[in-house]
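# Residue-level structure breakdown
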Amino acid sequence: MFTLAQIVADVKGELHGDVDMDLTIRSIATLKNAYSDELSFLSNVKYKGSLAGTQAAAVLVSASLLNELKAPCPLIAVKDPYLVYAQLQQKFYPMQQAQGNIHPLAIISDTATIADDVDIAAGCVIESGCVIESGSVISAGCLIARGVHIGKHCLLHAGVKVEADCQLGHRVIVQAGAVIGSDGFGYAWSGQSYMKIPQVGRVVIHDDVEIGANTTIDRGALGDTVIHQGVKLDNLVHIAHNVEVGALSAIAGQVGISGSTKVGQGCQMGGQVGIAGHLNIADGCQLAGKAGVISNIDKPGVYSGFPAMPHRQWLRISALMSKLPDVWKKIKGKE
Amino acid sequence: MFTLAQIVADVKGELHGDVDMDLTIRSIATLKNAYSDELSFLSNVKYKGSLAGTQAAAVLVSASLLNELKAPCPLIAVKDPYLVYAQLQQKFYPMQQAQGNIHPLAIISDTATIADDVDIAAGCVIESGCVIESGSVISAGCLIARGVHIGKHCLLHAGVKVEADCQLGHRVIVQAGAVIGSDGFGYAWSGQSYMKIPQVGRVVIHDDVEIGANTTIDRGALGDTVIHQGVKLDNLVHIAHNVEVGALSAIAGQVGISGSTKVGQGCQMGGQVGIAGHLNIADGCQLAGKAGVISNIDKPGVYSGFPAMPHRQWLRISALMSKLPDVWKKIKGKE
Amino acid sequence: MFTLAQIVADVKGELHGDVDMDLTIRSIATLKNAYSDELSFLSNVKYKGSLAGTQAAAVLVSASLLNELKAPCPLIAVKDPYLVYAQLQQKFYPMQQAQGNIHPLAIISDTATIADDVDIAAGCVIESGCVIESGSVISAGCLIARGVHIGKHCLLHAGVKVEADCQLGHRVIVQAGAVIGSDGFGYAWSGQSYMKIPQVGRVVIHDDVEIGANTTIDRGALGDTVIHQGVKLDNLVHIAHNVEVGALSAIAGQVGISGSTKVGQGCQMGGQVGIAGHLNIADGCQLAGKAGVISNIDKPGVYSGFPAMPHRQWLRISALMSKLPDVWKKIKGKE
């Protein structure tokens with residue numbers, strides 16, 4: 001808990017309104033739910049109507065909007081209230097720190113190398129040759145196969161599976177149930193049956209990546225599947241073998257990326273996007289939800305639909321689709 | 001096992017045809033597979049042709065269809081044969097009852113409160129402060145984090161993960177591998193990277209909910225993600241942070257619902273539906289499989305397609321789509 | 001490791017070029033990444049440009065292309081280089097062989113029958129009445145419920161869940177986190193609520209099937225869900241109750257198949273395909289990624305789109321969709 005004075009100083013905000021700066025702020029809440037000892041924030045101008053009814057002690061707002069806002073409480077003007085909300089929330093709820101607690105019922109190979117200040121919870125299995133660096137927290141029931149390397153200050157939630165020889169960088173967060181390093185979907189047709197192609201590459205996950213619950217990332221067939229620095233993957237995402245996802249890309253739930261496709265840096269994908277195999281997606285592409293990509297995308301921009309096309313074109317075509325009955329009537333009328 | 005007389009009395013059915021009422025009925029089977037000591041049912045009139053060949057001891061049918069059916073066996077007329085099938089199947093296969101068996105190799109925190117008649121199977125991890133009420137069955141390998149509350153007569157199948165502080169009501173069933181309470185996909189862009197927003201809400205699941213295998217439900221960012229009474233979620237469904245699903249809604253496999261969207265009561269969704277964030281879906285909406293919803297739906301009804309539209313409009317447009325080659329020819333012909 | 005002479009003899013290839021046949025080949029790599037003691041292969045003529053820069057000791061190529069290829073290294077002509085790559089990779093990386101190692105911290109029921117030469121890793125739970133035949137490998141944290149039967153030489157990766165009474169044939173591979181035998185999504189509406197229909201069938205998986213990470217296969221409501229011989233399922237696939245998938249079908253990531261649908265033999269499906277319930281898909285169908293099937297498919301062929309249609313028709317319509325703005329302009333111009 002922090003005083004309002006501490007918070008205002010910390011976020012370098014400008015306080016507008018009359019308030020007791022020694023007030024202890026308990027936490028952050030939405031405009032609607034905040035109590036009088038809580039802070040709130042307005043990050044989307046469309047919700048400015050909710051300001052009127054809030055009981056928050058103070059509200060973070062964008063400096064640029066300050067003049068058009070009316071509120072029953074003091075306002076703290078900052079450049080980006082949503083970012084400041086994130087920063088404060090990290091102060092209120094700091095990441096779980098490893099304490100060096102190894103649960104007596106974690107099963108750890110004698111040949112694993114575990115740093116002193118690592119937490120390993122009950123029910124984990126850490127196989128031979130694994131390395132877990134300092135500050136990492138391995139929650140209950142994680143299954144870490146032989147030869148896996150986990151960097152510093154990682155957090156694996158419950159029941160994560162990391163298959164043999166995969167690598168995680170530093171500060172990687174993996175949500176519950178995710179699978180890293182399953183075999184890619186690789187077979188050769190023999191004439192009578194599918195012959196399995198041993199998948200001998202790894203998954204390599206760079207620093208600051210977060211991976212969603214029950215997401216699956218396949219190991220490479222030859223060479224590695226690579227998730228670059230700062231990538232965020234949501235839940236139930238499917239990353240096939242030898243995919244490469246460029247740094248700082250953010251990929252929403254249930255997206256599927258087929259084998260050997262390379263996604264550029266700073267891309268964003270909405271939910272349920274699908275991308276065919278062996279494609280290149282340029283840096284800075286935004287793919288709207290449910291988009292289906294079946295050819296390379298060479299230029300940054302917003303793309304939608306199936307097959308994916310520039311978003312403006314898709315908007316135009318979608319609008320015209322709803323006029324198809326009219327089109328048809330007119331054509332029939334002219335016959 | 002029950003006699004035919006017991007069954008007919010139990011379902012308040014009207015028996016038509018000549019049969020030994022003391023016959024012991026072993027179980028229920030499809031018309032095609034039933035043996036002579038099994039009961040069957042006809043719930044879809046399109047299958048009435050299968051009546052002719054059935055060897056079932058008797059068949060549950062709709063009273064309203066009785067006159068048009070011909071069968072080689074007695075018929076039991078009831079109002080809703082499918083519902084009666086469900087009721088009887090619950091008699092033949094009652095839910096697993098907890099016996100108070102705690103497996104010696106379940107790992108249970110000293111500060112957890114477990115009712116006397118709870119089953120906890122091998123390999124489970126129950127962390128500090130959890131409460132599990134009477135009659136609940138926790139199958140092998142479930143991972144229940146600190147502070148979780150599980151109500152009465154719940155059934156968690158193998159390997160379910162419930163993250164910290166989440167709440168399950170009474171009679172909640174969770175299929176294997178589901179994740180309840182993973183972090184929502186919440187970041188603020190700092191200009192250089194995505195800054196994680198601690199997700200400090202919970203998942204609150206009300207009574208009589210069922211959750212499918214490997215489905216994931218994210219905890220709220222602020223405030224809770226809420227699944228109301230009687231909701232049924234199929235496998236591999238993705239429920240994002242702060243979503244609210246109204247009572248008695250049924251959601252099929254691989255549906256994804258984005259953050260803060262509110263789904264009304266009594267809604268139904270086909271497989272692979274996607275709903276964008278911050279939307280409202282009215283009570284009583286039916287969304288056909290693969291529908292993509294990108295704006296509010298204010299009225300009950302059937303909706304299809306992407307972007308989702310009233311189902312009849314979608315049918316009309318889909319039909320016209322297949323005529324596009326004709327349209328084009330005619331237009332070109334008139335130039 | 002094998003000499004080049006051994007490899008050429010083994011694959012019955014024809015060597016073109018000058019090379020030391022006693023050279024030891026360490027492994028197989030892509031044209032781009034191969035070192036001078038590695039073999040590579042050219043399976044897609046579109047990559048023939050990469051031959052020029054390869055450092056591989058030798059390259060497997062199609063005999064039919066031999067005359068048009070130029071390479072800085074010897075070529076080994078075979079009928080199907082991709083198949084030969086698969087065969088050699090199986091030589092270089094033979095499947096993990098069971099050694100009869102039962103980890104002391106695996107929890108195995110006294111009434112389970114485990115063959116002598118089965119491996120069971122730490123953290124597994126094998127319940128009453130299970131049978132595991134010889135040569136099978138059960139990786140860490142697998143949860144095998146009562147009455148499950150697992151055939152010979154199966155490989156279950158970490159954290160697989162197999163629910164009660166399900167059956168796996170021989171040489172079945174299951175990737176991490178998959179769920180076999182969860183309850184189907186079956187309810188009858190009582191007028192006030194959904195009444196659960198006990199799902200009393202099993203999942204029966206035939207020989208040589210492979211199942212992807214976090215894929216879910218529901219048990220039958222009455223009768224079984226059946227995956228026939230040689231089927232390959234990718235990650236995050238959803239197979240509903242009483243589905244039947246015909247032999248040698250291959251189904252890519254995030255496909256969903258609804259209840260009671262029958263998929264023929266030798267079918268192929270791209271990612272994110274959805275198939276409605278109670279349908280028949282003929283042998284030899286190929287469904288392109290994201291296809292949505294809402295009626296029976298009676299003839300083999302390639303199908304795309306939603307609703308799914310013959311692929312050539314879909315190509316034609318997709319092309320015309322992008323001309324809709326033109327169509328509209330012309331129609332408006334003629335008014």
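Criteria and thresholds
Residues numbered from 1 in each chain as written. Chains lettered and ligands numbered in written order. Predicted model: local features only at pLDDT ≥ 70, side-chain atom pairs only at ≥ 80, totals over all residues. Heavy atoms only, no water. Helix = DSSP H or I, 4+ residues; strand = E, 2+ residues; numbered from the N terminus. Buried < 20%, exposed > 50% of the residue type's maximum accessible area, 1.4 Å probe, protein only. Contact = heavy atoms within 4.5 Å. Areas by Shrake-Rupley, 256 points an atom, 1.4 Å probe, with all protein chains shown as cover. Least-squares fit on C-alpha atoms with pLDDT ≥ 70 in both. Salt bridge = Lys/Arg side-chain N within 4 Å of Asp/Glu carboxyl O. Polar contact = N/O pair within 3.5 Å; in protein donor to acceptor, adjacent residues only side chain to side chain. Axes fitted to C-alpha atoms, helices over the stretch in contact; angles between N-to-C directions. Parallel < 35°, antiparallel > 145°, perpendicular 65-115°, else oblique. Left-handed = near helix turned anticlockwise from the far one by under 90°. Nonpolar A, V, L, I, M, F, W, Y, C, P; charged D, E, K, R; others polar. Pairing = 2+ DSSP bridges. Phe/Tyr/Trp six-rings, centres within 6.5 Å; stacked < 30°, edge-to-face > 60°. Buried area = accessible area lost by both parts, 1.4 Å probe. Domains from an automatic or database assignment. pLDDT = per-residue confidence, 0-100. Lys, Arg positive; Asp, Glu negative; His and termini not counted. Expected span 1.5 Å × (residues − 1).

A few words now on the overall build of chain A. Along chain A, the regular secondary structure elements total four helices and 39 strands. Counting only C-alpha atoms and orienting by the principal axes, one finds that chain A spans roughly 85 × 80 × 30 Å. Expressed as a percentage of the 335 residues in chain A, the buried residues total 56%. Put simply, of all contacts in chain A between residues at least 6 apart along the chain, 17% involve residues at least 24 apart. Total accessible area on chain A stands at roughly 13200 Å², and carbon and sulfur atoms take up 50% of it.

The next thing to look at is the relation of the copies chain A and chain C. At an RMSD of 0.0 Å, chain A and chain C line up after a rotation of 120 degrees and a shift of 0.0 Å along the axis. Each copy turns onto its partner about a three-fold axis.

Quick look at the interface of chain A and chain B now. In this assembly, 59 residues from chain A lie in contact with 57 residues from chain B. For B:Lys196, the salt bridge is made with A:Glu210, and the minimal N-O distance between the two is 2.8 Å. Counting across the chain A and chain B interface gives 20 residue pairs in polar contact (both at pLDDT 80 or more). If you list the elements that add at least two residues to the side of chain A that touches chain B, you get helix 2 (81-92), strand 27 (232-233), strand 30 (250-251), helix 3 (311-321) and helix 4 (324-333) of chain A. In terms of residue count, the dominant contributor to the side of chain A that touches chain B is helix 2 of chain A (seven residues).

This part is about unusual backbone geometry. Cis geometry marks the peptide bond from A:Phe306 to A:Pro307; its omega dihedral reads -5 degrees. In this structure, B:Asn242 is a non-glycine residue whose phi angle is positive, near 65 degrees. Take B:Asn242: it is sitting in the loop between strand 28 (238-239) and strand 29 (244-245). Taking relative accessible area as the criterion, B:Asn242 reaches 15% and is therefore assigned buried.

For the pair helix 4 of chain A and helix 3 (residues 311-321) of chain B, interaxial distance at closest approach is 9 Å and the crossing angle is 55 degrees. In terms of orientation, helix 4 of chain A and helix 3 of chain B fall into the oblique class. Here helix 4 of chain A runs over helix 3 of chain B; the crossing is left-handed. Contacts between helix 4 of chain A and helix 3 of chain B involve A:Leu324, A:Pro325 and A:Trp328 from the first element and B:Arg316, B:Ile317, B:Leu320 and B:Met321 from the second. Looking at side-chain class alone, the contact of helix 4 of chain A with helix 3 of chain B contains six nonpolar, no polar and one charged residues.

Right, let's get into the sheet that holds strand 7 (residues 75-78) of chain A. Residues and elements named next belong to chain A. Pairing is mixed in the open sheet, where five strands are placed in the order 2-7-6-5-4. Edge strands, defined here as strands with exactly one partner in the open sheet, are strand 2 (14-16) and strand 4 (27-28). Pairing between strand 2 and strand 7: three bridges, direction antiparallel. Directly across from Glu14, in strand 7, lies its bridge partner Ala77.

With that settled, the discussion passes to the packing of aromatic side chains. Applying the stated criterion to the full structure yields 24 aromatic pairs over all chains. Ring centres 5.2 Å apart and planes at 85 degrees place the aromatic pair B:Phe185 and B:Tyr187 in the edge-to-face group. On the basis of an interplanar angle of 50 degrees and a centroid distance of 6.3 Å, the ring pair of C:Phe41 and C:Tyr82 is categorised as tilted. Linking C:Phe41 in strand 5 (residues 38-41) with C:Tyr82 in helix 2 (residues 81-92), this pair joins segments that are 41 residues apart in sequence.

Across the contact, 56 residues belong to chain A and 59 residues belong to chain C. When chain A packs against chain C, the two sides together hide about 4600 Å² of surface, and 68% of this comes from carbon and sulfur. Sorting the residues of chain A by area buried against chain C places A:Phe185, A:Tyr194 and A:Leu222 first, and these three jointly supply 15% of that buried surface. Counting across the interface, chain A meets chain C through one salt bridge. Where chain A meets chain C, there are 20 residue pairs in polar contact (both at pLDDT 80 or more). Mapped onto the side of chain A that touches chain C, the elements with two or more residues apiece are strand 20 (179-182), strand 21 (187-189), strand 22 (194-196), strand 25 (216-218), helix 3 and helix 4 of chain A. Counting residues per element, the side of chain A that touches chain C draws most heavily on helix 3 of chain A, at five residues.

Evaluated as defined, the whole model comprises 33 salt bridges over all chains. For B:Arg26, the salt bridge goes to B:Asp37, with nearest N and O atoms at 3.0 Å. Of this pair, B:Arg26 sits in the loop between strand 3 (24-25) and strand 4 (27-28) while B:Asp37 sits in the loop between strand 4 and strand 5 (38-41), and the two are eleven residues apart along the sequence. Owing to a relative accessible area of 38%, B:Arg26 belongs among the partly exposed residues under this scheme. Residue class for B:Asp37 comes out partly exposed when judged on its relative accessible area of 25%. One salt bridge in this structure joins B:Arg171 and B:Asp208, with 2.6 Å as the shortest N-O distance. Highlighted residues: B:Arg171 in the loop between strand 18 (167-168) and strand 19 (173-174) and B:Asp208 in the loop between strand 23 (203-205) and strand 24 (210-211), separated in sequence by 37 residues. Salt bridges linked by common partners bring A:Arg26, A:Asp37 and A:Glu38 together as one network.

A common way to report how large an interface is uses the accessible area buried once the components associate. According to the domain assignment, chain A consists of domain 1 (2-92) and domain 2 (107-315). Between domain 1 of chain A and domain 2 of chain A, the C-alpha centre-to-centre distance is 37 Å.

Turning next to the confidence of the model for chain A. As a general rule, the predicted coordinates of low-pLDDT regions are not to be interpreted in detail. Scored by pLDDT, chain A has a mean of 95; 99% of the residues are at 70 or more. The complex model carries a pTM of 0.97, and its ipTM stands at 0.97.

Further remarks concern the side chain of B:Ser62. Residue and element names in this part refer to chain B. Position of Ser62 relative to the elements: it lies in strand 6 (residues 58-62). For Ser62, a relative accessible area of 12% translates into the label buried. Ignoring any residue separated from it by four or fewer positions in sequence, one finds Ser62 in contact with Leu42, Val78, Lys79 and Pro81.

Our focus in this paragraph is the environment of B:Ala276. Residue and element names in this part refer to chain B. Mapped onto the elements of the fold, Ala276 is located in the loop between strand 34 (274-275) and strand 35 (280-281). Once the C-alpha coordinates of Ala276 and Pro94 are considered, the two residues, 182 residues apart in sequence, prove to be 39 Å apart. In this view, Ala276 contacts Ser258, Thr261, Val293 and Ile294; residues no more than four positions away in its chain are not counted.

With respect to the helices and strands, the residue C:Asp119 is situated in strand 10 (residues 119-120). One buried charged side chain, C:Asp119, makes no salt bridge at all; its nearest oppositely charged neighbour is A:Arg146, positioned 10 Å away. There is a polar contact of 2.9 Å between the side chain of C:Asp119 and the backbone nitrogen of C:Asn101. Beyond its immediate sequence surroundings of up to four residues, C:Asp119 is in contact with C:Gln97, C:Ala98, C:Gln99, C:Gly100, C:Asn101, C:Ser136, C:Val137 and C:Ile138.

This paragraph deals with the pairing of strand 6 (residues 58-62) of chain C. Residues and elements named next belong to chain C. Counting buried positions along strand 6 yields five of five residues, so the element is predominantly enclosed. Note: strand 5 against strand 6, three bridges, orientation parallel. Paired with Ser40 across the bridge in strand 6 is Val59.

Residues and elements named next belong to chain A. Across three bridges, the pairing between strand 36 (residues 285-287) and strand 38 (residues 301-304) is parallel. Looking at the pairing, Cys285 lines up with Gly301 of strand 38. As judged from the two bridges shared by strand 38 and strand 39 (residues 309-310), these two strands associate in the antiparallel manner. Within strand 39, the residue paired with Tyr303 across the bridge is Pro310. Connecting strand 38 to the antiparallel partner strand 39 that follows it, the hairpin turn spans four residues, and Gly305 within it adopts a positive phi of roughly 80 degrees.

The next point concerns the packing of helix 4 of chain A against helix 4 (residues 324-333) of chain C. The contact between helix 4 of chain A and helix 4 of chain C brings their axes to 11 Å, and the two run at 45 degrees. By the angle between their directions, the pair helix 4 of chain A and helix 4 of chain C is classed as oblique. As helix 4 of chain A runs across helix 4 of chain C, the sense of the crossing is left-handed. Along the contact surface, helix 4 of chain A presents A:Leu324, A:Val327, A:Lys330 and A:Ile331, while helix 4 of chain C presents C:Leu324, C:Val327, C:Trp328, C:Ile331 and C:Lys332.

Our focus in this paragraph is the environment of B:Ile317. Mapped onto the fold, B:Ile317 is located in helix 3. For the pair B:Ile317 and B:Ala282, spaced 35 residues apart in sequence, the C-alpha to C-alpha distance is 24 Å. With residues near it in sequence (within four places) discarded, B:Ile317 still touches A:Met321, A:Ser322, A:Leu324, A:Pro325 and B:Met309.

All right, on to helix 2 (residues 81-92) of chain B then. Residues and elements named next belong to chain B. Given a rise of 1.5 Å per residue, twelve residues ought to cover 16 Å, and the 16 Å separating the end C-alpha atoms of helix 2 matches this to within 8%. Among the residues of helix 2, those classed as buried are Pro81, Leu83, Val84, Tyr85, Ala86, Leu88, Gln89 and Phe92. Where helix 2 begins, the capping side chain belongs to Asp80, and its oxygen is found 3.1 Å from the backbone nitrogen of Tyr82.

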